[in-house]
Amino acid sequence: MEDVTLGFVLIGAMVGLIVLGLPIGLSLISTGAVGVWLIRENPDLAFRFTALAAYSGIQDYVFATIPLFVLMGLLVSISDIGKDTFEVAQAMLRRIRGGLGMATVGANAVFAAVTGVSIASAAVFTKVAVPEMVRHGYTMRFAAGTVAGSSILGMLIPPSLLMIVYGVLAEVSIGNMFIAGVIPGLIIALGFAVMIWVYAAFFPDRIMARATHPEFSQRAMPAGEMAGKALPIMALVVLILGGLYSGFFTPTEAGAVGAAGALLLALARGRLNGPKLWRVLRETGLVSAAILFLLIAAGLYSRMLALAGVPQAIGEMVEHLGLGPYGFLAVFVLIILLMGMILDSTSILLIMVPIGAPIAQAMGFDLVHFGIVTIIAVEMGLLTPPFGISVFTVKATLADPKVGIETIFAGALPFVAVMGIALLLIALVPWLATALV
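Structural notes, computed from the coordinates. Since we're looking at a predicted model, the values are computed, not measured. (Residues numbered from 1 in each chain as written. Predicted model: local features only at pLDDT ≥ 70, side-chain atom pairs only at ≥ 80, totals over all residues. Heavy atoms only, no water.)

1. Here's the deal with the overall build of the chain
Looking only at helices and strands, the chain has 21 helices and 0 strands in total. For the chain, the spread of C-alpha atoms along the three principal axes comes to 75 × 45 × 45 Å. By residue count, 54% of the 437 residues in the chain fall in the buried class. Intrachain contacts of the chain at a sequence separation of at least 6 include 79% that bridge at least 24 residues. Surface summary for the chain: the accessible area is close to 18200 Å², and the carbon and sulfur share equals 69%. (Helix = DSSP H or I, 4+ residues; strand = E, 2+ residues; numbered from the N terminus. Buried < 20%, exposed > 50% of the residue type's maximum accessible area, 1.4 Å probe, protein only. Contact = heavy atoms within 4.5 Å. Areas by Shrake-Rupley, 256 points an atom, 1.4 Å probe, with all protein chains shown as cover.)

Here it is as structure tokens:
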């Protein structure tokens with residue numbers, strides 16, 4: 001069997017193992033090792049190749065970014081900063097139609113800028129925003145769908161764990177990825193807000209359980225109280241993004257400074273005691289170890305693909321079919337959207353980036369722009385059935401067991417449509433992703 005054919009067979013075998021329930025890391029590392037063995041017909045070389053991937057895969061200083069940002073996100077989550085951010089946004093937007101929905105989007109966007117984890121955003125705002133929206137007359141479908149839909153901003157607005165994973169896999173500057181995500185993240189957040197306003201102004205019966213203007217009944221928050229609630233999270237945003245954008249911090253240093261700032265906030269607010277600190281540290285270790293093992297496995301898998309010549313073969317096939325750069329991009333995005341129905345976002349990146357990034361670079365795409373388009377497509381998968389992890393997180397966090405998973409998927413559907421429009425716009429106008437880099 002030719003090496004290229006063997007590479008494609010191993011990709012199919014790896015996807016099959018994942019579908020059968022084998023963890024993604026074990027699927028990647030096993031198919032990578034077996035692939036090197038079969039391609040070189042040397043088991044000793046395959047074992048040495050695997051050992052080299054484990055040693056060199058995560059030895060770089062930049063990988064310290066992962067546990068630092070995970071720690072920061074967990075500390076922010078237990079400090080009630082998300083609740084305060086929502087209350088400030090709610091007070092500012094209370095006289096606008098659909099203001100509570102916009103407040104959820106705005107608070108999620110700000111919260112995303114310091115956590116970088118969609119699941120954390122979904123869990124926090126399900127507890128904070130959904131009961132408030134339902135109490136003021138919004139339907140459960142709209143309230144839960146808004147939280148699920150806007151939670152994806154956690155992986156697009158920097159810092160973002162997906163951007164770190166993509167940067168490592170595509171060998172792109174993580175700092176550049178962070179900066180490139182700002183404009184697309186704001187575009188999508190603005191698109192969500194406009195969509196909510198259109199519904200509230202012209203189709204209120206689709207989002208309201210009763211025909212009222214609930215925002216008018218909310219109390220006006222004094223400026224001093226508003227400033228006090230907004231100051232902590234804005235200070236963290238300025239500290240992290242300001243340091244990154246100015247070049248004063250590297251991404252790793254920004255993670256360390258952000259984690260230290262989040263720790264001080266949690267202590268100052270009295271939200272952190274011994275058991276909570278232990279739980280945060282334990283969860284940080286578990287999440288970080290899982291991600292780092294996945295990156296080791298993906299490193300071996302990508303080397304096996306390169307050894308088999310799979311990226312080059314796909315690139316030649318695309319050229320032969322006459323698809324062109326944007327034809328390839330359209331097919332690549334479509335495959336990611338389909339994979340998003342059965343796999344989580346990290347798994348999709350680990351499988352697709354080693355194949356797609358070399359082809360995209362050969363076709364003249366800026367890998368930072370390509371990365372932003374890829375991450376938006378992956379994030380859409382968090383909201384599409386049957387495997388929409390943000391939707392399942394909202395369902396698991398909701399206090400009302402009567403709310404079905406199909407209700408939340410239906411509420412999130414308009415947000416998927418807005419993301420699709422934004423994806424098309426950013427794909428066709430690369431400047432939107434690279435202007436700040």
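2. Quick look at the nonpolar core
When a protein is soluble and globular, its nonpolar side chains tend to lie buried together. If you look at the biggest cluster of nonpolar residues, it comprises 151 residues, and the most contacted ones within it are L153 and Y166. Element by element, the count of residues in this core is highest for helix α14 (residues 274-308), at 12 residues. When neighbours within four sequence positions are excluded, Y166 is seen to be in contact with E171, V172, M177, L349, V353, L367, F370, G371 and I375. (Core = buried A, V, L, I, M, F, W, Y, C linked by side-chain atoms within 4.5 Å.)

3. A few points about unusual backbone geometry
The backbone of E41 shows a phi angle near 55 degrees, a positive value even though the residue is not glycine. Secondary-structure assignment places E41 in the loop between α2 (24-40) and α3 (43-56). By relative accessible area, E41 is classed as exposed at 69%. Residue E171 is not a glycine yet carries a positive backbone phi of 55 degrees. Mapped onto the fold, E171 is located in the loop between α9 (161-170) and α10 (174-180).

4. Digging into the packing of aromatic side chains
Counted by the stated rule, this structure contains 9 aromatic pairs. Ring centres 5.5 Å apart and planes at 75 degrees place the aromatic pair Y326 and F365 in the edge-to-face group. Placement of Y326 in helix α16 (residues 324-339) and of F365 in the loop between α17 (345-362) and α18 (367-380) is noted, with a sequence separation of 39 residues between them. Note on F328 and F370: the rings are 6.4 Å apart at their centroids and 15 degrees apart in plane angle, and the pair reads as stacked. One end of the pair, F328, is in helix α16; the other, F370, is in helix α18, with 42 residues separating them in the sequence. (Phe/Tyr/Trp six-rings, centres within 6.5 Å; stacked < 30°, edge-to-face > 60°.)

5. Brief notes about the environment of A129
Counting through the fold element by element, A129 comes out in helix α7 (residues 118-135). Taking the C-alpha atoms as reference, A129 lies 27 Å from L281; in sequence the two are 152 residues apart. Not counting chain neighbours up to four residues away, the residues in contact with A129 comprise F86, T104 and V147.

6. A closer look at helix α15 (residues 310-321)
For α15, which comprises 12 residues, the first-to-last C-alpha distance of 16 Å matches the rise-based estimate of 16 Å (1.5 Å per residue) to within 8%. Restricting attention to buried positions, one finds in α15 the residues V310, P311, I314, G315 and V318. For α15, the arc enclosing every buried residue in end-on projection is 135 degrees, short of the 170-degree limit, so these residues lie on one face. Set apart from the buried face of α15 by more than 90 degrees, the exposed residues are E316, E319 and H320. Of the surrounding elements, those touching the buried residues of α15 are α1 (3-19), α14, α16 and α17. Residue G322 follows α15 closely and has a positive phi angle near 70 degrees. (Expected span 1.5 Å × (residues − 1). Arc of directions from axis to C-beta.)

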